[in-house]
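Residues per chain are reported as follows:
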Number of protein chains: 2
Amino acid sequence: MPVDEFAGKVKGKIAKEVSSRGKWIFVRLEPAYFMLINLGMGGDLVYFTQGGELPEKYQFKLAFTDGSGFTIRFSWFGSIHLVHEKDLAEHRLTAHLGLSPIDDTFTPEYFKRLLGKRKARIKSFLLNQKNVAGIGNVYIQDILFVAGLHPDREISTLTEEEAAQLYDAIQTVLNRSVQLRGLEYEKDFYGRKGGYTMKEFLVGYKTGHPCPTCNTRIERIKTGSTSSYICPKCQPLE
Amino acid sequence: MPVDEFAGKVKGKIAKEVSSRGKWIFVRLEPAYFMLINLGMGGDLVYFTQGGELPEKYQFKLAFTDGSGFTIRFSWFGSIHLVHEKDLAEHRLTAHLGLSPIDDTFTPEYFKRLLGKRKARIKSFLLNQKNVAGIGNVYIQDILFVAGLHPDREISTLTEEEAAQLYDAIQTVLNRSVQLRGLEYEKDFYGRKGGYTMKEFLVGYKTGHPCPTCNTRIERIKTGSTSSYICPKCQPLE
DNA sequence: TAATCTAACAACGA
DNA sequence: CTCGTTGTTAGATT
């Protein structure tokens, strides 16, 4: 959408509820629109006060009538979509998102039924936002380590117990990050860096380091097109 | 659909126009229905007169009020779908069929635009019924030979001339078959075998025979999951 | 021999 | 650190 058209449609609207699903942020603009924001492979969405400092670099700025507002710096592949409310349910990129793992309705039972008896590999399945919305290649590393699962395990071979452990691992890792307000290289709305530092990682990005459980050297392997960091002893493939 | 339900819906209707698209036969049943027939990997759909002979073996029979009718013997993977006319446009298996190459609107210009600059291999593209409806693994053999193209040629590398030759080859081979009323092992509605015999094939199913153009031995190769018969000299891959 | 849908996977590009 | 698109392949279908 051309910038003019975007600005024309947004100007004068009132920003209402802000929600999220997976990696998407939904801002309701009254009347009749939604602004959908996706930071892609990284970026900062930060607030500024009236007369306050703005970041050196940003690609998007939205100002409120009181002089405050926010900017967005996209680092790679981010996007903003402006969608009429009547088109929201069919919006190609967000209509088919799965549930957020930290959603109340994402129960152990829901997760077990979702897994079913598929042929897919567990990592590939969890990274697919249509299945579960919000897990990326950063958090998946420790999730699978905590669950004791190799990224290439076929879902149909998971035992009840393994599925339950996986559910718990997802909750543990993601809630820890929520608590710490995200990764070190991310900022929250008020510009504060996240507290989820390298020290938090158990195996992710720790190639050659000892496994925190068994001291085996952590390996980096290729799983499809993404990298995985695993303890070969704690996460065997059989 | 259970047999009873099928029979109940068909009984008393009037068979109107019969048409085809690719490998599908459409029979309009008045009022409000279409019977869609697909013979899959082979079968005979033959008429019988009142009091006339019926084939020894068949899986489907439809009788008209005058005592005539037709039977279908399916050899593999055939099917009949009964669809309400209001659902026809969304019917999963027929809604996305491409044009028949012998349709009037299948012009050289249409074909050239359809090919575009894709990465797909030419054989795989032509066998996909969403692109072009009606070419199977039998006729594709001589089509590609007549066009001088290797089945694995990338579409984006085709010259204007090669695309034009391919268009002509499709027309030549398919029209010849229409003229001869199909393959030797097929029957028309009146039970007559087709006249497109093995003698008509140039390279298809002729492994080891000399190429009709250059005498090179014809080879059988694997292309994806299908077999291809080619003259390695007339159909080089570069 | 012949057909084709589906799921999973890989290459590619923005 | 992402993900949609396109195309390929293995498996299933009866």
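Engineer: So what about helix α2 (residues 108-115) of chain B? Which residues, and what values?
Structural biologist: Residue and element names in this part refer to chain B. Looking only at α2, the buried set comprises F111, L114 and L115. What you see down the axis of α2 is that its buried residues fit within an arc of 95°, all on one side. Within α2, the exposed residues directed more than 90 degrees away from the buried face are E109 and R113. In this structure, the buried side of α2 is in contact with α3 (122-127) and α5 (160-179).

Engineer: Give a description of the sheet that holds strand β4 (residues 43-48) of chain A that names residues and reports values.
Structural biologist: Residues and elements named next belong to chain A. Ordered by their spatial adjacency, 3 strands build an open sheet running β4-β6-β5, and the pairing between neighbours is antiparallel. Among the strands making up the open sheet, the edge pair consists of β4 and β5 (60-63). Going across the sheet, the axis of each strand differs from the next one's by a mean of 10°, ignoring polarity. Examined bridge by bridge, β4 and strand β6 (residues 69-74) share 6 bridges and lie antiparallel to one another. Bridging across to β6, F48 finds its partner in G69.

Engineer: Go over the packing of aromatic side chains with me, naming the residues and quoting the values.
Structural biologist: Residue and element names in this part refer to chain A. Enumeration over the complete set of coordinates arrives at 32 aromatic pairs over all chains. Aromatic side chains F111 and Y167 sit 6.0 Å apart centroid to centroid with 50° between the ring planes, which places their arrangement in the tilted category. Of this pair, F111 sits in helix α2 (residues 108-115) while Y167 sits in helix α5 (residues 160-179); the two residues are 56 residues apart in sequence, bridging distant segments of the chain. Exposure class is identical for F111 and Y167. Each is buried. When the centroid spacing of 5.4 Å and the interplanar angle of 85° are considered together, the rings of Y139 and Y196 count as edge-to-face.

Engineer: Describe the protein's contact with DNA strand C, and please don't skip the residues or the numbers.
Structural biologist: Around DNA strand C, the structure places 19 residues, and the nearest of them are R121 of chain A together with K23, M41, R92 and N137 of chain B. Backbone atoms, meaning sugar and phosphate, form 53% of the atoms of DNA strand C found within 4 Å of the protein. Contacts to DNA strand C include K23 of chain B, whose side-chain N or O atom sits 2.7 Å from a phosphate oxygen. In the model, a phosphate oxygen of DNA strand C is placed 2.4 Å from a nitrogen or oxygen of the R92 of chain B side chain.

Engineer: Hey, could you go over the domain arrangement of chain A for me, with residue numbers and the actual values?
Structural biologist: All names here are of chain A. What the domain assignment lists for chain A is domain 1 (3-90) and domain 2 (108-230). Between the C-alpha centres of domain 1 and domain 2 there is a distance of 29 Å. Between domain 1 and domain 2, the residue contacts involve 8 residues of the former and 12 residues of the latter. Summed over both partners, the interface of domain 1 with domain 2 comes to about 680 Å²; 65% of that surface belongs to carbon and sulfur atoms. Together, K23, D44 and Y47 form the three largest contributors to the area buried by domain 1 at its contact with domain 2, with a combined 56%. If you look at where domain 1 meets domain 2, you find 1 salt bridge. The partner of K187 in a salt bridge is D44, with the nearest N and O atoms 3.9 Å apart. Inspection of the domain 1/domain 2 interface yields 2 residue pairs in polar contact (both at pLDDT 80 or more). Here the side of domain 1 that touches domain 2 takes 4 residues from β4, the largest share from any one element. In terms of residue class, the side of domain 1 that touches domain 2 is built from 4 nonpolar, 1 polar and 3 charged.

The rules behind the values
Residues numbered from 1 in each chain as written. Chains lettered and ligands numbered in written order. Predicted model: local features only at pLDDT ≥ 70, side-chain atom pairs only at ≥ 80, totals over all residues. Heavy atoms only, no water. Buried < 20%, exposed > 50% of the residue type's maximum accessible area, 1.4 Å probe, protein only. Helix = DSSP H or I, 4+ residues; strand = E, 2+ residues; numbered from the N terminus. Arc of directions from axis to C-beta. Contact = heavy atoms within 4.5 Å. Pairing = 2+ DSSP bridges. Axes fitted to C-alpha atoms, helices over the stretch in contact; angles between N-to-C directions. Phe/Tyr/Trp six-rings, centres within 6.5 Å; stacked < 30°, edge-to-face > 60°. Near = heavy atom within 4 Å. Polar contact = N/O pair within 3.5 Å; in protein donor to acceptor, adjacent residues only side chain to side chain. Domains from an automatic or database assignment. Buried area = accessible area lost by both parts, 1.4 Å probe. Salt bridge = Lys/Arg side-chain N within 4 Å of Asp/Glu carboxyl O. Nonpolar A, V, L, I, M, F, W, Y, C, P; charged D, E, K, R; others polar.

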